[in-house]
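# Commentary on secondary and tertiary structure
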Amino acid sequence: GENVEQHPSTLSVQEGDSAVIKCTYSDSASNYFPWYKQELGKRPQLIIDIRSNVGEKKDQRIAVTLNKTAKHFSLHITETQPEDSAVYFCAVPFGNTPLVFGKGTRLSVIA
Amino acid sequence: DTEVTQTPKHLVMGMTNKKSLKCEQHMGHRAMYWYKQKAKKPPELMFVYSYEKLSINESVPSRFSPECPNSSLLNLHLHALQPEDSALYLCASSHGQGEYEQYFGPGTRLTVT
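Attention here is on the structure that accompanies the text.

Rules used throughout
- Residues numbered from 1 in each chain as written.
- Chains lettered and ligands numbered in written order.
- Predicted model: local features only at pLDDT ≥ 70, side-chain atom pairs only at ≥ 80, totals over all residues.
- Heavy atoms only, no water.
- Helix = DSSP H or I, 4+ residues; strand = E, 2+ residues; numbered from the N terminus.
- Rg over C-alpha atoms; globule rule 2.2 N^0.38 Å.
- Buried < 20%, exposed > 50% of the residue type's maximum accessible area, 1.4 Å probe, protein only.
- Contact = heavy atoms within 4.5 Å.
- Buried area = accessible area lost by both parts, 1.4 Å probe.
- Salt bridge = Lys/Arg side-chain N within 4 Å of Asp/Glu carboxyl O.
- Polar contact = N/O pair within 3.5 Å; in protein donor to acceptor, adjacent residues only side chain to side chain.
- Nonpolar A, V, L, I, M, F, W, Y, C, P; charged D, E, K, R; others polar.
- Pairing = 2+ DSSP bridges.

### Regarding the overall build of chain B
Of the regular secondary structure elements, chain B holds 0 helices and 11 strands. Traced from its N-terminal end to its C-terminal end, chain B shows the element sequence β-β-β-β-β-β-β-β-β-β-β. For chain B, whose C-alpha radius of gyration is 13 Å, the value lies close to the compact-globule estimate of 13 Å for 113 residues. Projecting the C-alpha coordinates of chain B onto the three principal axes gives extents of approximately 35 × 25 × 25 Å. Residues counted as buried form 48% of the 113 residues belonging to chain B.

### What to know about the interface of chain A and chain B
Size of an interface, as often reported, equals the accessible area lost when the parts are brought together. With 21 residues of chain A at the contact, the number on the chain B side is 24 residues. Taken over both partners, the interface formed by chain A and chain B buries close to 1,700 Å², and the fraction arising from carbon and sulfur atoms is 56%. With a closest N to O distance of 3.8 Å, A:R43 and B:E3 form a salt bridge. At the boundary of chain A with chain B, the tally comes to 4 residue pairs in polar contact (both at pLDDT 80 or more). Counting only elements with at least two residues in the side of chain A that touches chain B, the list comes to β4 (32–38), β5 (45–51), β9 (86–94) and β10 (97–101) of chain A. For the side of chain A that touches chain B, the leading source of residues is β10(A), giving 4 residues. Of the residues contributing to the side of chain A that touches chain B, the split by class is 10 nonpolar, 6 polar and 5 charged.

### What to know about the pairing of strand β5 (residues 44–50) of chain B
All names here are of chain B. Most of β5 sits out of view: 6 of its 7 residues are buried. Two strands pair when backbone bridges link them, and strand β4 (residues 31–37) and β5 are joined in this way by 6 bridges, in the antiparallel orientation. Pairing of Y33 across the sheet is with V48, part of β5. Hairpin connection between β4 and β5: a loop of 6 residues separates the two successive antiparallel strands, and K40 in this loop has a positive phi of roughly 65°. Hairpin connection from β5 to strand β6 (residues 53–57): 2 residues lie between these consecutive antiparallel strands, with Y51 at a positive phi of about 50°.

### Considering the pattern of salt bridges
Residues and elements named next belong to chain B. Counted according to the given criterion, the structure contains 6 salt bridges over all chains. Here E52 and R30 are joined by a salt bridge, their closest N and O atoms 2.9 Å apart. Here the residue E52 occupies a position in the loop between β5 and β6, and R30 occupies one in the loop between β3 (18–25) and β4, the gap between them amounting to 22 residues. Judged by relative accessible area, which is 29%, R30 ranks as partly exposed.

### With respect to the side chain of B:S94
Residue and element names in this part refer to chain B. Among the secondary structure elements, S94 is positioned in strand β9 (residues 87–94). Here S94 falls in the buried class, since its relative accessible area comes to 0%. The contact partners of S94, leaving out residues within four places of it in the chain, are H29, R30, A31, Y33, Y100, E101 and Q102.

### Focus: unusual backbone geometry
Excluding glycine, residues mostly carry a negative phi; peptide bonds, for their part, are mostly trans. Across the junction of A:H7 and A:P8, the peptide omega takes the value -5°, indicating a cis bond. Mapping A:P8 onto the fold places it in the loop between β1 (5–7) and β2 (10–14). The omega torsion across B:T7 and B:P8 is -10°, close enough to zero to call that bond cis. Topologically, B:P8 is positioned in the loop between β1 (4–7) and β2 (10–13). Even without a glycine there, the phi angle at A:Q60 is positive, about 55°.

See below:
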């Protein structure tokens, strides 16, 4: 099956610093790469996604970069704020499975 | 309306009970999903309905029985569950099955006693 490796599993940053989370995947046929944010007790929410025809996508303080050759994509959060504290999941489609999720990264932004 | 709704929010049931979880979306999406999420783990796919037909069943035990009455509704019928089935059950929907954005409902927190 699809192997989605997500690192790090936990990440603590000072408010205002940047945070980077990386995912690697095994299926070179994958073309869609979303990132979800899940706050404690809440639903996973799509925060940004990228398709394989572009290498980078930005939305205000959030960006995703994709390296299809190396089969990895990364979430970048700049000027972190306490409300960015959550668990972040990457996901990749594989075969008939619409999304296979990474194990998650618990991000803590320290004020 | 850009929301997926789920009822109930919380459910406590005994191992001999029968209960149902409900999910609804009004975004015109044609694919709907059930996921199970244990604490500190990612969501795990259980079932996929595409155009109201079950298209994926990820080897889920028969004590979980999905139903899609129409393109807006998705149910999960529960019977003779085990304590290890306690989890957050998430419904999601997307425009189609495949490389589309999935939107999640708030989930039902299920406890099996």
